[in-house]
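Close look at the chain arrangement
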Amino acid sequence: MKSIETKEQILKAATEEFMEKGFKDASMRKIASRVGITATALYRHYANKEDIFDAVVEPAVSAWENLCKTEEVRQTGTARREGVDAMWQDNEQAQIIVKLIYNDFDAHKLLFCKSDGTKYENYLHSIVTKVQEATLSFKDELEANGVHVNKVDEKEMHLILSAQYTAMLEMVYHDFSYEEAIHYSDTISEFFKEGWRKYLGF
């Protein structure tokens, strides 16, 4: 097998193995068997099971890292140009997240549902932390510009953000169709938007 073709087959086989058993119970030997190579040959391509899992979920991780950056710019940009009310009227973010997830559903399923025992097992927490930091930074900017903002308890804020993003990920946990996910995400977005406006006070 050519090296590139072999790696593609390994990642496909690994995705199947991780999807069926999760990271902890997945086996390098079984992955090799699915590909039709020896375990020794598999180790020539990947040093260990963690390296393979990293390679499989990397597209999803990169997509989320990019989203955290671009959405902060997009939403705060809307608020600066058109006012805070225009930002609250924006309904795109939920659909952007759905499209991101369904562009590589298996990688997201592994990242959020099958990653116990890896460095990604608390990845949702890291996303929520990034969103919270961006929100608090924007809150400070608004206050500096004379906009009233309610006093925020950061632990409480983290709890609410975690609830929102966990709710969004139900589409992944339960294998919703794309159409179901779009509908569901719009409902969640509307529900939390009203809560956030009252909580933040602007």
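Residues numbered from 1 in each chain as written. Predicted model: local features only at pLDDT ≥ 70, side-chain atom pairs only at ≥ 80, totals over all residues. Heavy atoms only, no water.

Quick look at the overall build of the protein chain now. Within the protein chain, the secondary structure is distributed over eleven helices and zero strands. Element order for the protein chain, N to C, with α for helix and β for strand: α-α-α-α-α-α-α-α-α-α-α. Here the protein chain, with 202 residues, has 43% of them falling under the buried criterion. A separation of at least 24 residues holds for 71% of the contacts in the protein chain among residues at least 6 apart in sequence. Accessible area of the protein chain: about 11,100 Å², with a carbon and sulfur share of 51%. Taking the 25 positively charged and 35 negatively charged side chains of the protein chain as two groups, their mean positions are separated by 5 Å. (Helix = DSSP H or I, 4+ residues; strand = E, 2+ residues; numbered from the N terminus. Buried < 20%, exposed > 50% of the residue type's maximum accessible area, 1.4 Å probe, protein only. Contact = heavy atoms within 4.5 Å. Areas by Shrake-Rupley, 256 points an atom, 1.4 Å probe, with all protein chains shown as cover. Lys, Arg positive; Asp, Glu negative; His and termini not counted. Charge placed at Lys NZ, Arg CZ, Asp CG, Glu CD.)

Counted according to the given criterion, the structure contains twelve aromatic pairs. When the ring of W64 is compared with that of F112, the centres are 5.9 Å apart and the planes differ by 80°; the resulting orientation is edge-to-face. Here W64, found in helix α4 (residues 49-82), pairs with F112, found in helix α7 (residues 105-113); they are 48 residues apart in sequence, far enough to count as distant. Here the two residues W64 and F112 agree in accessibility, since each one is buried. (Phe/Tyr/Trp six-rings, centres within 6.5 Å; stacked < 30°, edge-to-face > 60°.)

Looking now at the environment of M171. Residue placement: M171 occurs in helix α10 (residues 170-173). Taking the relative accessible area as the measure of exposure, M171 reaches 0% and is therefore buried. Between the C-alpha atoms of M171 and D186, which are 15 residues apart in sequence, the distance is 12 Å. With sequence-adjacent residues up to four places away left out, M171 is seen in contact with V98, I101, Y102, F105, F176, A181, Y184 and S185.

As a further point, take the nonpolar core. Generally speaking, nonpolar side chains in soluble globular proteins are found buried as a group. With 65 residues, the main nonpolar core has F18, I52, W64, I101, L111 and Y165 as its most contacted residues. For L111, the contacting residues outside a window of four places in its chain are V57, A60, V61, W64, Y120 and Y123. (Core = buried A, V, L, I, M, F, W, Y, C linked by side-chain atoms within 4.5 Å.)

Let's shift gears to helix α2 (residues 28-35). Along an α-helix, residues three or four apart share an orientation, since each turn contains 3.6 residues. Taken residue by residue, α2 has M28, I31, A32 and V35 as its buried positions. Angular distribution of buried residues about the axis of α2 spans 100°; they occupy a single face of the element. Counted as exposed and oriented over 90 degrees from the buried face of α2: R29 and S33. Here α2 starts with a cap whose side-chain oxygen sits 3.1 Å from the backbone nitrogen of R29, and that cap is S27. (Arc of directions from axis to C-beta. Polar contact = N/O pair within 3.5 Å; in protein donor to acceptor, adjacent residues only side chain to side chain.)

Moving on to the confidence of the model for the protein chain. In this model, the protein chain carries an average pLDDT of 94, and 98% of its residues clear a pLDDT of 70 or more. Taking the mean pLDDT of every element in the protein chain, the minimum, 88, falls on helix α5 (residues 84-89) and the maximum, 97, on α7. (pLDDT = per-residue confidence, 0-100.)

Relative to the elements of secondary structure, T15 occurs in helix α1 (residues 3-25). Beyond its immediate stretch of four places on either side in the chain, T15 contacts V56, D106 and L110.

Now for the state of the cysteines. Applying the stated criterion to the full structure yields zero disulfides. Between C68, a cysteine without a disulfide, and C113, which holds the nearest cysteine sulfur, the sulfur-to-sulfur distance is 18 Å. (Disulfide = S-S within 2.5 Å.)

One can describe the packing of α4 onto helix α8 (residues 123-144) by two numbers: an axis separation of 11 Å at closest approach and a directional angle of 20°. In terms of axis orientation, α4 runs roughly parallel to α8. For the crossing formed where α4 meets α8, the hand is right-handed. Contact residues: α4 offers V61, W64, E65, C68, E72, T76, A79 and R80, while α8 offers Y123, I127, K130, A134, F138 and E141. The residue inventory of the contact of α4 with α8, partitioned by class, reads eight nonpolar, one polar and five charged. (Axes fitted to C-alpha atoms, helices over the stretch in contact; angles between N-to-C directions. Parallel < 35°, antiparallel > 145°, perpendicular 65-115°, else oblique. Left-handed = near helix turned anticlockwise from the far one by under 90°. Nonpolar A, V, L, I, M, F, W, Y, C, P; charged D, E, K, R; others polar.)

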